[in-house]
Every structure is written in C-alpha cells, then in structure tokens.
Amino acid sequence: MVFQSKIGTAIVTTAAATGVFLGAPTISEAAFGDQTLYFGMKNEDVVILQEQLKGKGYFHFHTATGYFGDITKKAVQDFQRDNNLKQDGIVGPTTFAALKNSTISTSTNTSGTAAPSTSNGNSTATASASSQSQSLQQLKTSGALRIGSRGEEVVKLQMYLKKAGFFDYHEATGYYGTITEAGVRRFQQARGLKVDGVASKTTLEAINKDIQATSTTVKTNSGSSTTTTNTGSKGSANTSNSTTTATSSVNVGSQLSASAPASLVTAASNLAKSSVTLREGNRGNSVKTLQQMLMHVGHFNYHEATGYYGTITRDGIRSFQRSTGLKVDGIANPQTIKALEGAITRESNKETTTKQTTTNSKSTNSNSTSSSTSSSNSSVKAVSNVPILQVGSRGNEVTELQYRLQILGHFHVQPTGYFGDITKNSVIQFQRQWGLVADGFVSQATWNKLDEVSSIHLSDAQTKASSSSAFNAINLIADAGSYIGTPYLWGGTTSRGFDCSGYVQYLFKKNGVHLPRTVADQWNATVSVSKPKVGDIVYFETYKAGPSHNGIYIGNNQFIHTDSTRGVTITSLSNTYWSQRYLGARRIK
C-alpha cells in the first residue's frame with residue numbers, strides 16, 4: 001500500500017474533441033493546498049500560509065519564516081475559530097477553502113485551492129486546474145464502461161475511484177485499462193456488487209449515489225491533498241501526445257501479459273538464478289525486470305517499469321511478500337525473487353489455459369482479452385491487502401479505527417471493535433471534514449488520511465533517539481512487566497493508559513533513553529538487527545503499509561506490548577496474527 005506523496009499535480013478536464021486534456025506539470029508547479037500543513041513543518045507552502053494569515057491579521061511575526069511553529073499554529077487556530085472551524089491548528093481542505101474565501105458557506109461552490117500571489121506564476125494556474133479536479137460529476141448510466149472505453153465518462157469514473165481509494169494510478173487518463181478495471185472490481189467488492197470489473201448500469205448507479213451524497217461536501221471542502229494526483233513521471237502537456245502516452249502506459253502490464261509472457265518468464269528465471277538481492281536505491285535492468293514481474297502479478301502501482309528501486313517498488317515487494325507469507329521487509333532477496341518467478345510461471349500457465357478454453361482464435365484482440373482476464377484476477381488477489389472496513393466488520397482494525405476517530409473528536413463512545421452505525425456516522429464525519437468520498441466505507445484513501453491526521457496529534461513529544469550508558473535491558477523488562485493489564489488508550493502515554501508506541505516511549509524514557517513518539521519515528525530512530533535480544537523493539541505491519549505497531553522483546557520468543565483489546569500483555573512472536581505481520585527487530589542507537 002503506497003503512501004501519498006506530498007507533491008502533487010492537477011488533472012484538467014475539458015470538453016475538447018478528445019474529451020480529455022492531460023497535463024504532467026513539473027514539481028515546481030505543485031499548487032498551494034496540495035498538502036496538509038501542521039506544526040513542525042518547514043517548506044515554501046508554510047511561507048505562503050503565513051503570508052496569507054498575515055494579510056488577514058492573524059500572523060503577527062514580522063516576516064514569513066516558512067517554519068510552522070507555535071506562532072503559526074496559534075494564528076491558524078484563531079483563524080479557524082473566527083470561521084467556525086475545528087480549532088486543531090491543522091491546515092486541511094476546509095481551512096484552505098476558508099483562507100481563499102475568508103468564510104465557508106455550504107451554498108457557495110468554493111471548489112479550488114487558494115491561489116496566492118507568489119513569485120511562481122505557475123502556482124496560480126495549477127491551483128485553478130486543481131479546482132476543476134475537486135468536483136466529482138455524475139456519470140451517465142445509459143451504457144456500460146469496460147476495458148477499451150475512452151472519454152470524459154471514463155475520466156469521471158477514474159476521478160471518483162481515486163478519491164474513494166480504489167484507483168491506484170497517479171492520474172485520470174480517460175482510458176479504461178486494466179488498472180481502471182481493478183479499481184472497479186475493488187469498488188464492486190466493497191459494495192457487495194457482482195465483481196466483474198465492468199462499470200455496468202448497476203455499478204454506475206451505486207457510484208452516482210456516492211457522488212450525490214458527497215457533492216455538497218466536495219464543494220465546501222476543496223483543496224484536499226487526498227484528491228490531488230501525484231506523479232514523478234515525465235510527460236507533455238500536449239493533448240494528443242499526452243493521451244497517446246497515457247493509453248500506452250496504462251497498458252504496460254497488459255502488454256507484458258499478452259505479448260511477452262515467454263520472454264518475461266525467461267527474464268524472471270534468469271533473475272532468480274542470479275541469486276541477486278535488490279533493495280531501495282538500486283538501479284538497472286535487474287530492477288526493471290523485477291518491476292515487470294511485480295506488474296504482471298498485480299503488485300506494482302506505477303504505470304511503467306523504471307529501473308529504479310524506489311518506494312513504489314519497495315511497497316510492491318512488501319505487498320507481494322505479505323500475500324505469499326514471506327517476511328515482509330520490502331527487500332527483493334533470492335527467496336522473494338524465486339517466489340515471484342513461481343507466480344509469473346503460474347500466471348503464464350493460467351493465461352495459456354484461459355486462452356485455450358475461451359477461444360481458438362489467435363488474433364491480437366483475443367490475446368488482449370485473455371491478458372486482461374489474467375491481470376484482473378491478479379488485481380482481485382491484491383485487494384485482500386487493502387483494509388476495507390464497513391458496517392458489520394469486527395476486530396482489532398475496527399478498534400484502532402474507533403480510537404483514532406475518538407481522538408479526532410468524531411467517535412464519542414467507548415471503542416468496541418464492532419463497526420456499527422455509530423462508527424459509520426463517525427467515518428462519514430471524518431471523510432466530510434477531509435474532502436473524501438463520504439460513504440462510510442474505510443477504504444485505503446480514508447485509512448491514509450486518518451493515519452496522517454491522527455499522527456499529527458502524536459507529534460508533540462518528538463525527540464531524537466539517544467542511548468544512555470546507564471541503560472539496562474533487564475531493568476527495562478522489569479518496568480514493562482509492572483504495567484501488565486494497563487488498558488489500551490489511543491494516544492495514551494501514561495500509566496492511566498497506553499497505545500503501543502506510547503508504552504514503548506514511556507518505558508525507555510524511564511530507563512534513560514529518549515525515543516520519538518510514533519511507531520514510524522521509533523523505527524527510524526533505531527537500527528536493524530538480524531535476531532532480537534532482550535530489550536530490543538519488535539515491529540509489525542498491521543493496518544497500513546510499513547511499521548504501525550511495536551513492542552519490547554523479553555526473550556523466549558515473546559514480546560510485551562499494548563494490545564488494543566487486552567491492554568498491556570505478553571504475546572508470542574509465533575502467534576498466528578502477529579507472525580504474519582512481523583517486520584523485524586531494531587535496537588536503540
């Protein structure tokens with residue numbers, strides 16, 4: 001599951017003959033309002049924010065510094081108070097919209113991000129483009145959309161799917177390829193519809209119902225970073241060239257399946273035989289082959305194989321490792337590559353069987369259809385990795401959801417681990433606040449935004465990790481055991497209640513070692529070890545990609561941690577739930 005970039009580009013739709021105008025602006029053209037701003041940040045967007053607040057009489061420092069500190073946070077809170085917004089000091093879609101208009105009115109269409117006067121003339125143009133992308137439009141239901149469809153209706157479909165968290169591509173292309181089909185399948189699966197990847201009348205009516213329920217919210221809460229597309233790819237703003245490029249790019253996985261399965265199988269075999277280990281930062285043909293392999297089995301969320309092992313490739317490897325029961329570390333070691341080779345071979349055999357049973361024709365069209373079927377099956381398999389929660393769901397993920405909604409002021413009862421109407425209404429409130437599709441379903445897009453915003457509330461105690469010569473692991477474990485039975489409390493950092501990282505931070509601080517507050521930052525502040533020793537921190541991947549839960553290793557293959565249902569408790573690393581999510585052990589520096 002890939003995390004959203006903080007630098008985005010805008011989608012521009014027009015009524016031109018092609019129905020689509022596709023632009024790929026450079027990084028310098030990212031619009032103000034594309035990323036959430038909060039305490040501790042330092043960048044050009046904060047400068048623009050401070051200038052706007054200063055112009056409105058809220059920021060009283062003599063110059064814009066670009067650092068979001070206490071003065072800026074207080075200015076934001078004062079502005080939010082005067083505009084009847086939640087006074088959390090976080091600049092999200094509603095605050096961006098209010099900055100642009102000075103007041104928020106649900107009857108006024110405030111689509112668009114603020115377009116400040118800056119030295120970068122492109123900012124204003126891109127902000128305008130971004131404003132067009134915010135407004136979801138109803139789709140026509142007279143006919144079905146499927147693989148091969150093109151045009152404005154496909155753009156509207158893709159924009160909805162992306163905002164709802166079902167579309168993995170970085171922009172709406174106007175072409176209905178295998179990625180769009182996979183997004184439709186995910187939507188259908190989440191809504192209990194027939195899962196066939198075809199945007200039929202029934203599917204389109206369900207989408208339009210969501211759009212209708214969200215339309216007022218979308219108009220009010222413009223400028224959300226979650227709806228702005230992200231890209232690091234090169235492109236041209238020329239309409240015809242962009243359309244052609246987008247079409248061919250979207251179908252890279254399809255082309256691999258249809259036209260070169262034998263060559264891919266051979267390349268995969270050669271890569272496996274080389275016993276090479278690939279990791280983040282590597283470049284070259286081996287990485288490109290790896291990306292093509294991941295793309296073929298539905299675990300690579302970029303439109304082309306680049307030959308560079310970045311975060312998208314790492315997350316693709318993680319996704320594949322998780323789906324096959326391998327150690328989830330994002331490193332393409334020989335074992336992982338061998339497993340990928342096996343998957344490629346099986347997919348190739350499956351594709352051949354599909355072709356033989358569905359048609360005797362060997363035309364290009366027939367091959368493409370078989371390819372699409374194979375690719376779609378791959379995509380469905382990957383859907384299980386996306387934590388979609390809805391009414392009726394139960395478990396630790398629901399409990400975590402409720403705690404996070406509670407700390408953000410949207411859930412007002414004790415977390416139960418059951419997703420009922422109260423939880424659904426709380427999710428809808430959160431989605432409306434942050435410009436998401438307000439459908440009450442917790443898709444990946446909702447998880448990502450919830451994690452981003454709630455993590456901001458845990459950032460107050462951020463400090464760099466430091467070790468102490470007085471540190472004694474046995475004392476640490478003794479202290480840890482004294483809190484067994486202490487209840488779980490999301491955001492908790494005291495003996496009244498802990499969350500997982502709050503518990504770890506509290507114990508280490510008590511023993512002279514200062515760790516950052518969140519799991520992700522604690523991961524970054526510690527160093528990897530091949531085998532845990534008493535006092536090491538063990539990390540797990542639970543509700544999102546990357547480290548999201550941790551505990552302290554106490555020996556004998558056991559760790560002590562704060563469980564969302566049992567509080568502070570001791571658990572075995574061999575436990576079925578935790579062993580499948582184990583990322584590894586790390587040690588204080």
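All figures in this text were calculated on a predicted structure; none of them were measured in a lab. (Residues numbered from 1 in each chain as written. Predicted model: local features only at pLDDT ≥ 70, side-chain atom pairs only at ≥ 80, totals over all residues. Heavy atoms only, no water.)

Caption draft 1: Quick look at the overall build of the chain. The helix and strand tally for the chain stands at 21 helices and 8 strands. Within the chain, contacts between residues separated by at least 24 positions form 59% of all contacts whose residues are at least 6 apart in sequence. (Helix = DSSP H or I, 4+ residues; strand = E, 2+ residues; numbered from the N terminus. Contact = heavy atoms within 4.5 Å.)

Caption draft 2: Looking closely at the packing of aromatic side chains. Going through the model one piece at a time under the given rule, you end up with 14 aromatic pairs. Seen from their ring centres, Phe166 and Phe187 are 5.9 Å apart, and the 85 degrees between their planes marks the pair as edge-to-face. Of this pair, Phe166 sits in the loop between α5 (152-164) and α6 (178-191) while Phe187 sits in helix α6, placing them 21 residues apart in sequence. Both residues of the pair, Phe166 and Phe187, belong to the buried class. Each member of the aromatic cluster is reached from another via a ring pair, and the members are Phe540, Phe559, Tyr577, Trp578 and Tyr582. (Phe/Tyr/Trp six-rings, centres within 6.5 Å; stacked < 30°, edge-to-face > 60°. Buried < 20%, exposed > 50% of the residue type's maximum accessible area, 1.4 Å probe, protein only.)

Caption draft 3: Broad picture of the pattern of salt bridges. Going through the model one piece at a time under the given rule, you end up with 17 salt bridges. Residue Asp78 pairs with Lys74 through a salt bridge whose shortest N-O separation is 2.9 Å. With Asp78 and Lys74 both in helix α2 (residues 70-82) and 4 residues apart, the pair spans about one turn of that helix. Judged by its relative accessible area of 46%, Lys74 is partly exposed. One salt bridge connects Asp439 with Arg191, and the closest N-O pair in it is separated by 2.4 Å. One end of the pair, Asp439, is in the loop between α16 (421-433) and α17 (444-456); the other, Arg191, is in helix α6, and 248 residues separate them in sequence. (Salt bridge = Lys/Arg side-chain N within 4 Å of Asp/Glu carboxyl O.)

Caption draft 4: Quick peek at the environment of Ser323. Assignment of secondary structure puts Ser323 in helix α12 (residues 311-324). Counting along the chain gives 24 residues from Ser323 to His299, while the straight-line C-alpha distance between them is 9.7 Å.

Caption draft 5: Region of interest: the sheet that holds strand β8 (residues 582-588). With respect to topology, 6 strands assemble into an open sheet ordered β3-β8-β4-β5-β6-β7, the strand pairing being antiparallel. Each edge of the sheet is formed by a strand with only one pairing partner; in this case those strands are β3 (526-529) and β7 (567-572). Neighbour-to-neighbour, the strand axes of the sheet open up by a mean angle of 40 degrees, direction not taken into account. Where strand β4 (residues 537-540) meets β8, 4 bridges bridge the pair, whose relative direction is antiparallel. (Pairing = 2+ DSSP bridges. Axes fitted to C-alpha atoms, helices over the stretch in contact; angles between N-to-C directions.)

Caption draft 6: Looking closely at the environment of Thr95. Take Thr95: it is sitting in helix α3 (residues 93-101). For Thr95, a relative accessible area of 3% corresponds to the buried category. Sequence separation between Thr95 and Phe79 is 16 residues, and the spatial gap between their C-alpha atoms is 8.6 Å. Those residues in contact with Thr95 that sit more than four places away from it in its chain are Phe79, Gln80, Leu85 and Ile90.

Caption draft 7: Quick peek at unusual backbone geometry. One non-glycine residue, Asn84, lies in positive phi territory at about 60 degrees. Structurally, Asn84 is set in the loop between α2 and α3. The residue Ser275 is not glycine, and still its phi comes out positive at about 55 degrees. Within the secondary structure, Ser275 is located in the loop between α10 (261-273) and α11 (285-296).

Caption draft 8: Fine view of helix α18 (residues 473-481). Of the residues making up α18, those classed as buried are Ala473, Leu476, Ile477, Asp479 and Ala480. Viewed end-on, α18 has its buried residues packed into an arc of 160 degrees, placing them on one side of the element. The exposed residues of α18 that point more than 90 degrees off its buried face are Ile474 and Ala478. On the buried face of α18, the contacting elements are α19 (500-510), β5 (549-555), β6 (558-563) and β7. For α18, the side-chain oxygen to backbone nitrogen distance between the N-cap and Ile474 is 2.8 Å, and the N-cap itself is Asn472. (Arc of directions from axis to C-beta. Polar contact = N/O pair within 3.5 Å; in protein donor to acceptor, adjacent residues only side chain to side chain.)

Caption draft 9: Fine view of the pairing of β6. β6 sits mainly inside the fold: 5 of its 6 residues count as buried. Direction of pairing for β5 relative to β6: antiparallel, over a ladder of 3 bridges. The partner of Ile552 across the bridge, within β6, is Ile560. The loop that links β5 with its antiparallel partner β6 comprises 2 residues; one of these, Asn556, has a positive phi angle of about 55 degrees. Both β6 and β7 contribute to a ladder of 6 bridges, which runs antiparallel. Within β7, the position partnered with Ile560 by the bridge is Ile570.

Caption draft 10: Inspection of the nonpolar core at higher detail. Membership of the largest hydrophobic core comes to 24 residues, with the highest contact counts inside it found for Leu157, Tyr160 and Leu161. Listing elements by their share of this core, those giving two or more residues are α5, α6 and α7 (201-220). Of all the elements, α5 adds the most residues to this core, at 7 residues. In contact with Leu157, not counting residues within four places along its chain, are Leu139, Leu145, Tyr176, Thr180, Val184, Ala199 and Ile207. (Core = buried A, V, L, I, M, F, W, Y, C linked by side-chain atoms within 4.5 Å.)

Caption draft 11: Summary view of the packing of α11 against α12. Interaxial distance between α11 and α12 falls to 10 Å at its minimum, and their mutual angle equals 50 degrees. In this view, α11 runs oblique relative to α12, as classed from their interaxial angle. Between α11 and α12 the crossing geometry is left-handed. Judged by residue contacts, Leu290, Gln291 and Leu294 of α11 engage Thr313, Gly316, Ile317 and Phe320 from α12. (Parallel < 35°, antiparallel > 145°, perpendicular 65-115°, else oblique. Left-handed = near helix turned anticlockwise from the far one by under 90°.)

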